[in-house]
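Letter by letter, the chains look like this.
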Amino acid sequence: MTAGSGRSSVTVTDNRTGKTIEVPIADNAIPATAFLALKAPYAPGEREENDTPYGLRVLDPSFMNTAMIQSAITYIDGNKGFLMHRGYPIEQLAEKSTFLETAYLLIYGELPSAKQYGLWQWEIMHHTFVADDLAKMLKNMRYDAHPMSIFISAFAAMAAFAPEANPALQGRDMYVQNKDVMNKQIVRILGKATTIAAMAYRLRIGRPFNAPRADLSYTENLLYMMDHMAEPNAYRPDPRLAKALDVLFILHADHEMNCSTSTMVHVGSSLVDPYSCVAAASAALYGPLHGGANEAVIRMLTKIGAVENVPAFLEAVKAKKELLFGFGHRVYRETDPRSKIIRQVADMVFDVCGREQLIEVAIALKDAALRDEYFTSRKLYPNVDYWSGLIYKAMGFPLDFYPVLFVVPRVAGYLAHWKQQLDSGKNKISRPRQVYVGPPRRDYVPLDQRPDRAVSSASGLVDLPHYMSKRRLHKI
Ligand code: SDX
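In this report, the structure presented in the accompanying data block is examined. Just so we're clear, the structure is a prediction, and the values are computed from it rather than from any experiment.

1. A short note on the site of the ligand
Moving on, step 1. Lining the immediate surroundings of the ligand are 22 residues, of which His255, Lys320, His329, Arg338 and Arg410 lie closest.
Moving on, step 2. In this structure, a nitrogen atom belonging to the ligand sits 2.8 Å away from a main-chain N or O atom of Leu324.
Moving on, step 3. At 2.8 Å from an oxygen atom of the ligand is found a main-chain nitrogen or oxygen belonging to Gly326.
Moving on, step 4. Within the complex, 74% of the 1,100 Å² of free accessible area of the ligand lies under protein.
Moving on, step 5. Taken together, the residues of the shell around the ligand sort by class into 9 nonpolar, 7 polar and 6 charged.

2. Details of the state of the cysteines
Moving on, step 1. Within this structure, the stated rule accounts for 0 disulfides.
Moving on, step 2. Here Cys259 stays unpaired: no disulfide links it, and the sulfur of Cys277, its closest cysteine neighbor, is 15 Å away.
Moving on, step 3. Judged by relative accessible area, Cys277 falls into the buried class, the value being 0%.

3. A word on the environment of Met68
Moving on, step 1. By the secondary structure assignment, Met68 is in the loop between strand 2 (19-24) and strand 3 (74-77).
Moving on, step 2. A relative accessible area of 30% places Met68 in the partly exposed class.
Moving on, step 3. With 38 residues separating them in the primary sequence, Met68 and Leu106 have C-alpha atoms 19 Å apart.
Moving on, step 4. Beyond its immediate chain neighbours, meaning those up to four positions away, Met68 contacts Met257, Ser262, Val265 and His266.

4. Brief notes about the pattern of salt bridges
Moving on, step 1. Tallied over the entire structure, the rule returns 23 salt bridges.
Moving on, step 2. A salt bridge links Glu22 to Arg7; the nearest nitrogen and oxygen atoms lie 2.7 Å apart. With Glu22 in strand 2 and Arg7 in the segment before strand 1 (9-14), this residue pair connects regions lying 15 residues apart in the sequence.
Moving on, step 3. Residue classification places Glu22 among the partly exposed positions, given a relative accessible area of 43%.
Moving on, step 4. One salt bridge connects Arg47 with Glu49, and the closest N-O pair in it is separated by 3.3 Å.
Moving on, step 5. On the accessibility criterion, Glu49 (22% relative accessible area) is partly exposed.
Moving on, step 6. The network of salt bridges with shared partners includes Lys179, Lys419 and Asp423.

5. Let's talk about unusual backbone geometry
Moving on, step 1. Even without being glycine, Asn28 reaches a positive phi, approximately 60°.
Moving on, step 2. Within the secondary structure, Asn28 is located in the loop between strand 2 and strand 3.
Moving on, step 3. If you check the backbone angles, Lys379 has positive phi at about 55° while not being a glycine.
Moving on, step 4. With respect to the secondary-structure elements, Lys379 resides in the loop between helix 17 (373-377) and helix 18 (385-394).
Moving on, step 5. Take Lys379: its relative accessible area is 38%, and that puts it in the partly exposed class.

6. Some remarks on helix 15 (residues 337-353)
Moving on, step 1. With 17 residues, helix 15 should reach 24 Å at 1.5 Å per residue; the first-to-last C-alpha distance of 25 Å fits that figure.
Moving on, step 2. Inspection of helix 15 places Pro337, Arg338, Ser339, Ile341, Ile342, Val345, Ala346, Val349 and Phe350 among the buried residues, and these make up the whole buried set.
Moving on, step 3. The inward-facing, buried residues of helix 15 abut strand 4 (82-85), helix 1 (90-96), helix 10 (239-252), helix 16 (358-370), helix 18 and helix 19 (402-423).
Moving on, step 4. In the segment just after helix 15, Gly354 is the residue with positive phi, at about 95°.

7. Notes on the pairing of strand 4
Moving on, step 1. Residues of strand 4 alternate between two faces, with Leu83 and His85 buried on one and Phe82 and Met84 left unburied on the opposite face.
Moving on, step 2. Of the strand pairs in this sheet, strand 3 and strand 4 are connected by 4 bridges, and their pairing is antiparallel. The residue bridging Ile76 from the neighbouring strand is Leu83, located in strand 4.
Moving on, step 3. Hairpin connection of strand 3 to strand 4: 4 residues between the antiparallel strands, including Gly81 at a positive phi of 65°.
Moving on, step 4. Sheet topology note: the strand 4/strand 5 (residues 88-89) ladder contains 2 bridges and is antiparallel. Within strand 5, the position partnered with Met84 by the bridge is Pro89.
Moving on, step 5. As consecutive antiparallel partners, strand 4 and strand 5 are separated by 2 residues, and within that stretch Arg86 has a phi angle of approximately 50°, a positive value.

8. Some words on the packing of helix 4 (residues 132-139) against helix 8 (residues 179-205)
Moving on, step 1. Relative orientation of the contacting elements helix 4 and helix 8 amounts to 35°, with a least axis distance of 10 Å. Remark: the crossing between helix 4 and helix 8 carries right-handed chirality. Packed against helix 4, whose contacting residues are Leu134, Ala135, Leu138 and Lys139, the element helix 8 presents Ile196, Met199 and Leu203 at the interface.
Moving on, step 2. Of the residues in the contact of helix 4 with helix 8, the class split is 6 nonpolar, no polar and 1 charged.

About the thresholds
- Residue indices follow the written sequence of each chain, beginning from 1 at its first position.
- Since the coordinates come from a predicted model, pLDDT governs what is reported: local features require at least 70, and pairs of side-chain atoms require 80 or more to be given and counted, while whole-chain, interface and lining totals use all residues.
- Water and hydrogen atoms were dropped before computing side-chain values, which therefore reflect all heavy atoms in the structure.
- We define proximity as follows: a residue is near a molecule or strand when any one of its heavy atoms falls within 4 Å of that partner.
- Each polar contact in these results corresponds to two N or O atoms within 3.5 Å; when the atoms are within protein, one needs to be able to donate a hydrogen and the other to accept it, and residues that are neighboring in sequence are counted only if both atoms are side-chain atoms.
- Exposure was quantified through the Shrake-Rupley algorithm and a 1.4 Å probe, taking into account, for residues, occlusion by the shown protein chains and nothing else.
- Residue polarity is assigned by list, with Asp, Glu, Lys and Arg as charged and Ala, Val, Leu, Ile, Met, Phe, Trp, Tyr, Cys and Pro as nonpolar; anything else, Gly included, falls into the polar class.
- Cysteine sulfur atoms are paired as a disulfide whenever they come within 2.5 Å of each other.
- Categorising residues by exposure relies on relative accessible area from a 1.4 Å probe, with only protein chains included: less than 20% of the type maximum marks a residue as buried, more than 50% marks it as exposed, and the intermediate range marks it as partly exposed.
- Only DSSP runs of H or I with at least four residues qualify as helices, and only runs of E with at least two residues qualify as strands; both kinds are numbered from the N terminus onward.
- Here, residues are in contact when the closest pair of their heavy atoms is within 4.5 Å.
- The working definition used for a salt bridge is a side-chain nitrogen of Lys or Arg within 4 Å of a carboxyl oxygen of Asp or Glu.
- The length a helix should cover is 1.5 Å for every residue beyond the first.
- The rule for pairing is simple: two strands pair if DSSP sees at least two bridges between them.
- Throughout, an axis means a line fitted to C-alpha atoms (over the contacting stretch in the case of helices), and angles, computed between N-to-C directions, take values from 0 to 180 degrees.
- Helix crossings get a hand from a simple test, with the near helix turned counterclockwise from the far one by less than a right angle marking a left-handed crossing and a clockwise turn marking a right-handed one.

So, in structure tokens, the structure goes:
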């Protein structure tokens, strides 16, 4: 490799025109807009839609190597399997902090003083009630609605219950200017996230909602709202399970620009209210490639069923017929540090709830994959979702509730990045470019002049199957 000039920049020559530009490097990044300086005439036969004379564009589907913000919240070293929040390693926070303290750190940038922490806890635990009309709305959802659908719906609807927090009504710069209003929504959203989660669970089991309690810790209150029945002196969750859940919440609180947090920032850039942003971010997390993976891991382990079936399953994965859920990560090229800590929490929970039998399959599957060059060559290692589902299963949560146990703590990370973006003073509405590869300009064809084209359901609408009970099949 030739020695560089030592200048922190890249020099790019456009071979179409011979023009050379020097682009400064800052924090090991270059501004994508610098490439707009490289303009060229259309090449012979080149598509007009390439916009070539307007400047060179950067194409990066799925953001494989594009930073969308500068952030001071979380840093991940994927090659070393390292994660820190505001400079504090995740291992120290998991061991010494609480979820609410970590949430404060993420959102405000520093560990709170004793006084700040007391106020923070008090405010959040006194904003856990959900509007009665919203509770009624949730009660009208199907009993078997997926709890993530309920969570997303609740936050989208919650925006309507806080008109004073709606920039569409109060003015677009309200969160840029009024930090008291911003802090009020932050404590409201954190406080209500557990109540909505508990409501989704109570709906599923057909039981009335429990009112939240301000005298319990954040995770104790969640377990109380889920599990209190008719005990005369109010049910008290097992403190060991509340602690285990609190550690899991710390581990799920933030992970820089993952799919759902980048959605929060993207949607927030339009200056819509934070409730609607949380609904959008939660919808992104719902996907099986993201926060839905913990649920998918258990479905996978259940399908494998026994240790002796592991080799056949891994062969199916290598043949691309199956996905090894809970493995792989866009950033980690080593084991996700959170999965190592979760593995320890699992033993704490098993001591209380009994060992989850599927863990034998999980251990055998993990060990076999880590011995297999197919996985190690692709840097596929256990991620945060590989073990968490086993803990939730041991604790008796319904399978489709697992992503809710991911999104509740991740709301802290959503709020931290939303606040950071609006506090930066540099918020601009997110509006990515595209490279158009569609048909060139053409003229409208009247309906009676259009030929019938054979279409498949991928390329057009074909007759759709309709549910017809046998009673309706006869022709009169
Ligand atoms: C989370 O971004 C975050 O930070 C997310 C998260 C957070 O805290 O917010 O950490 C939480 O979402 C963790 C990830 C949970 N998802 C899963 O466990 C689902 C299974 N994992 C994969 O779908 C996948 O690994 C992703 C989605 C996580 C990452 O996918 P990438 O970065 O797009 O990688 P890729 O699809 O380009 O895969 C590279 C290769 C491919 O093989 P080849 O085409 O080179 O032959 O690895 C293969 C993939 O087929 N591969 C897998 C695999 N993951 C990748 N093969 C089998 N099983 C897998 N799990």
